[in-house]
Amino acid sequence: MAEIVLTNVSKSYGAVPVIDDVSLAIRSGELVVFLGPSGSGKSTLLRMIAGLETIDSGTLTIGGTRCESLPPGQRGVAMVFQNYALYPHMTVRENLAFGLRNVGMASDEIARRVGEAARILEIGQLLDRRPAQLSGGQRQRVAIGRAIVKEPRAFLFDEPLSNLDAALRVRTRVELAELHQRIRSTMIYVTHDQTEAMTLADRIVVLNDRRIEQIGTPMEVYSRPASRFVAGFVGSPA
Ligand code: ADP
Ligand code: MG
């Protein structure tokens, strides 16, 4: 079943078009990577799904609900931000609970969700620490935990590894793949890195110059590129 459906979506910043007539259906449980060069429109597309940018024309449906006019908090998706910003003065437990307390959730439900996120991410032993007492990798898990506690229909990642050193990048990529295997949630992952796309994606959406060039499995995109651009960017030599 399609979880996130974009139909004929377009957007301009002022007079400059940045997304041009994009249609796309993301299946429930699928990990889809938006792959394309810098400036191709990946972040804009993701932020429109999240509700952080408006859609000029076209429709967006998430879990069967039309969402173009819904605020971010009512779309059932959770964005995991690039900088993984945690509140330094709060413990891990408080960092995880903060967004839920803010919307007035009952404290026993908050405790249940924090416990569940800690179990999924194996950070139960870190709950009383502060961010300064965590390693980089542990901080990232907590940041992902802040999305997990929202129990979203879909997780949205925008270049989450781009600020990390090479070793941590590889390790975090593997952890994300394992997380997806474990919880089988719908995920959209934005990157300009072909290796990340090839190793993580169920399907890759190749973006270039405001439009989708090709949608396919890593194997399809690699071995049967639909255009010269895709061939040059990810595929085998044409
Ligand atoms: P990507 O994430 O693939 O690098 P973006 O979605 O960030 O691409 O940007 C797509 C295009 O839109 C780029 O040309 C960028 O300069 C432009 N753009 C992005 N955000 C804004 C903005 N807030 N105002 C004006 N132009 C923007
Ligand atoms: Mg971007």
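Residues numbered from 1 in each chain as written. Chains lettered and ligands numbered in written order. Predicted model: local features only at pLDDT ≥ 70, side-chain atom pairs only at ≥ 80, totals over all residues.

Draft legend 1. Spatial organisation of the site of ligand 1. Taken together, Tyr13, Val18, Gly36, Ser38, Gly39, Ser40, Gly41, Lys42, Ser43 and Thr44 make up the full set of residues near ligand 1. Ranked by residues supplied to the shell around ligand 1, first place goes to helix α1 (residues 42-50) with three residues. Looking at side-chain class alone, the shell around ligand 1 contains two nonpolar, seven polar and one charged residues. (Near = placed C-beta within 6 Å. Helix = DSSP H or I, 4+ residues; strand = E, 2+ residues; numbered from the N terminus. Nonpolar A, V, L, I, M, F, W, Y, C, P; charged D, E, K, R; others polar.)

Draft legend 2. Spatial organisation of the sheet that holds strand β9 (residues 203-208). What the six strands build is an open sheet, ordered β6-β7-β8-β3-β9-β10; its pairing is mixed. The open sheet has two free edges, formed respectively by β6 (77-80) and β10 (211-216), since each of these has just one partner strand. Averaged over all pairs of adjacent strands, the angle between their axes in this sheet comes to 20°, without regard to strand direction. The sheet contact formed by strand β3 (residues 31-35) and β9 spans four bridges and is parallel. Bridge assignment links Val32 to a residue of β9, and that residue is Arg203. (Pairing = 2+ DSSP bridges. Axes fitted to C-alpha atoms, helices over the stretch in contact; angles between N-to-C directions.)

Draft legend 3. Representation of the sheet that holds strand β1 (residues 2-13) in the model. Across the sheet, which stays open at both edges, the four strands sit in the order β2-β1-β4-β5 with antiparallel pairing between neighbours. Where the open sheet ends on each side, the last strands, each with one partner, are β2 (16-27) and β5 (65-66). Judged from the five bridges that link them, β1 and strand β4 (residues 57-62) form a sheet pairing that is antiparallel. Looking across to β4, one finds that Val5 is bridged to Thr61.

Draft legend 4. Local environment of the pairing of β6. Residue alternation in β6 divides its side chains into two sets, Val77 and Met79 and Ala78 and Val80, and both sets are buried. With four bridges connecting them, β6 and strand β7 (residues 154-158) associate as parallel partners. Among the inter-strand pairings, Val80 is bridged to a residue of β7, identified as Phe157. (Buried ≥ 20, exposed ≤ 12 C-beta atoms within 10 Å, placed from the backbone.)

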